[in-house]
Amino acid sequence: MNLTALKSLVRIHQVSSFTKAAELENVTLSALSMQMKALEDQLGRPLFDRSFRPPQLTPLGRKLAVQAANVVAAQNTFAQMAEASDALTGHYRIGFIPSASVRLLPAFLGHVRDHQPAASFEVSSGLSEDLSEAVRLGVLDAALVTRVAKTAPALGLHHIASEEMVFAAPAQQSDIVLSDLPRQLPFVHFRPSSGIGQLIQQALVQFNHEPDQIIVLDSVEAAMECVKAGLGYTLLPRPDVQRCADARVRMVPWDGSLIQRELVLAVHSNNADTDWAHALARILRENIQSGP
């Protein structure tokens, strides 16, 4: 049954006038009349006595209008509940891993400025393990981090996005295949204890990839600058490689499927199913930028 027609029926019952009801519902008089005729056809009973000018509701029409008012009220309640669950109110302390913050933080802050006026945010940056621990201790309300195999039981995770991990090497070594890179160039390893670092280590083990020399850094940008300078090769999420790459960088083909980096919103398990946690996760999912 058409909810718009039920709303119109309720309005006619309230004002006892087709013309006034059409004005209040912002529709033409003919459109309102068609709604009522369609409703009568669906029910198989007349709702208006058209021997009167203007038409008057029949006893059945008045009875249905009263019941329709309950339906409309329930629909309004559902809408208000949904709106309330997406509205953020208060002050939130949120952490972002640096690699994702470059792409995601501007869009997130712009969105909450325009659509969440009752909320304020204190933003910090750090590596996944540090941010996750801050959430566990209650120092942060939530953090956008890389999901790792072992997650603290005290944390609840909301999926945000999945990103492919890719090898990036200097373009000047275009003739070197992936299997030869470990002997030719140092491997630039993002901090092994970090979320990305743990995924990198898993991939290296999975592919029996054992570089002769490893350079450990804790900055995606620094790792990519090393690649550009021909000082090494690396393995990072594709969006970060694409963001930092230029003509001096090439993505190296590989066989099989590499590990995906999963971005998650970590909150304390006590807050995992709260309205604000779901709202934050939704905003992040809607605003994430998967490329430069």
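Residues numbered from 1 in each chain as written. Predicted model: local features only at pLDDT ≥ 70, side-chain atom pairs only at ≥ 80, totals over all residues. Heavy atoms only, no water.

As for the packing of aromatic side chains
- Summed over the entire model, instances satisfying the criterion amount to 7 aromatic pairs.
- Judged by centre distance (5.0 Å) and plane angle (75°), the ring pair of Phe18 and Phe48 falls under edge-to-face. Of this pair, Phe18 sits in helix H2 (residues 18-25) while Phe48 sits in strand S1 (residues 48-49); the two residues are 30 residues apart in sequence, bridging distant segments of the chain. Comparing Phe18 with Phe48 shows no difference in burial state: the two are buried.
- When the ring of Tyr92 is compared with that of Trp276, the centres are 5.6 Å apart and the planes differ by 45°; the resulting orientation is tilted. Remark: Trp276 occurs in helix H11 (residues 275-287) and Tyr92 occurs in strand S3 (residues 90-96); sequence separation between them is 184 residues.
- Owing to a relative accessible area of 18%, Trp276 belongs among the buried residues under this scheme.
- Clustering of aromatic rings is evident, with ring pairs tying together Tyr92, Phe96, Phe108, Phe121 and Trp276. (Phe/Tyr/Trp six-rings, centres within 6.5 Å; stacked < 30°, edge-to-face > 60°. Helix = DSSP H or I, 4+ residues; strand = E, 2+ residues; numbered from the N terminus. Buried < 20%, exposed > 50% of the residue type's maximum accessible area, 1.4 Å probe, protein only.)

A word on the packing of helix H5 (residues 98-115) against H11
- The N-to-C vectors of H5 and H11 enclose an angle of 120°; their axes lie 9 Å apart at closest approach. Taken together, the axis directions place H5 and H11 in an arrangement best described as oblique. H5 and H11 meet at a crossing whose hand is right-handed. Every residue of H11 that contacts H5 at Leu104, Ala107, Phe108, His111 and Val112 is listed here: Leu280, Ile283, Leu284, Glu286 and Asn287.
- Classifying every residue of the contact of H5 with H11 gives 7 nonpolar, 2 polar and 1 charged. (Axes fitted to C-alpha atoms, helices over the stretch in contact; angles between N-to-C directions. Parallel < 35°, antiparallel > 145°, perpendicular 65-115°, else oblique. Left-handed = near helix turned anticlockwise from the far one by under 90°. Contact = heavy atoms within 4.5 Å. Nonpolar A, V, L, I, M, F, W, Y, C, P; charged D, E, K, R; others polar.)

Here's the deal with the pattern of salt bridges
- If you walk through the whole model with that rule in mind, you get 20 salt bridges.
- Its salt-bridge partner being Glu163, residue Arg103 comes within 3.0 Å of it at the nearest N-O pair. Of the two residues, Arg103 sits in helix H5 while Glu163 sits in strand S6 (residues 155-170), which places them 60 residues apart along the sequence. The pair Arg103 / Glu163 is uniform in exposure class, with both members buried.
- Each of the salt bridges in this network shares a partner with another, and the network as a whole consists of Arg103, Glu163, Glu221, Asp240, Arg243 and Arg261. (Salt bridge = Lys/Arg side-chain N within 4 Å of Asp/Glu carboxyl O.)

Focus: the state of the cysteines
- Counted under the stated rule, the structure contains 0 disulfides.
- With no disulfide of its own, Cys226 has Cys244 as its nearest cysteine by sulfur position, at a separation of 12 Å. (Disulfide = S-S within 2.5 Å.)

Overview of the nonpolar core
- Ranked by size, the top nonpolar core spans 35 residues in total, and within it Leu88, Phe108, Phe121 and Leu280 carry the most contacts.
- Looking at which element gives the most residues to this core, the answer is H11, with 7 residues.
- If sequence neighbours within four positions are ignored, Phe121 has contacts with Leu88, His91, Tyr92, Ile94, Phe108, Val112 and Leu280.
- One finds Ala169, Leu181, Ala203 and Val249 within the second-largest nonpolar core, a separate group that totals 31 residues. (Core = buried A, V, L, I, M, F, W, Y, C linked by side-chain atoms within 4.5 Å.)

Some details on H11
- Taking 1.5 Å as the rise per residue, H11 with 13 residues should run 18 Å; its terminal C-alpha atoms sit 18 Å apart, in good agreement.
- Regarding H11, the residues found buried are Trp276, Ala277, Ala279, Leu280, Ala281, Ile283, Leu284 and Asn287. (Expected span 1.5 Å × (residues − 1).)

Describing unusual backbone geometry
- With an omega dihedral of 5°, the bond running from Arg53 to Pro54 counts as a cis peptide bond.
- Counting through the fold element by element, Pro54 comes out in the loop between S1 and strand S2 (56-57).
- A positive phi angle is found at Ser16, which is not glycine, with a value near 55°.
- Within the chain, Asn208 stands out as a residue other than glycine whose phi angle is a positive 50°.
- Turning to its location among the elements, Asn208 is positioned in the loop between helix H8 (195-206) and strand S8 (214-217).
- Judged by relative accessible area, which is 65%, Asn208 ranks as exposed.

Quick notes on helix H1 (residues 3-15)
- In a regular helix each residue adds 1.5 Å, so 13 residues correspond to 18 Å; H1 covers 19 Å between its end C-alpha atoms and thus fits that length.
- Listed as buried for H1 are Ala5, Leu6, Ser8, Leu9, Val10 and Ile12.
- The residue sitting at the N-terminus of H1 and contributing the capping side-chain oxygen is Asn2; that oxygen lies 2.7 Å from the backbone nitrogen of Thr4. (Polar contact = N/O pair within 3.5 Å; in protein donor to acceptor, adjacent residues only side chain to side chain.)

Focus on the side chain of His158
- With respect to the secondary-structure elements, His158 resides in strand S6.
- Here the side chain of His158 touches Ala272 through a polar contact of 2.8 Å, landing on its backbone oxygen.
- Once you skip the residues sitting within four places of it in the chain, His158 turns out to touch Leu263, Val264, Leu265, Val267, Ala272, Ala277, His278 and Ala281.

Quick word on the pairing of S6
- Of all 16 residues making up S6, 12 are buried, and the element is well covered by its neighbours.
- Inspection of the sheet shows S6 paired to strand S11 (residues 260-268) by 9 bridges, in the antiparallel sense. Paired with Ser162 across the strands is Glu262, a residue of S11.
- Here 4 bridges tie S6 to strand S9 (residues 233-237), and the two strands are oriented antiparallel to one another. Bridge assignment links Phe167 to a residue of S9, and that residue is Leu235.
- Relative to strand S10 (residues 249-251), S6 is paired through 3 bridges, and the arrangement is antiparallel. By the bridge assignment for S10, Ala169 is matched with Arg250. (Pairing = 2+ DSSP bridges.)

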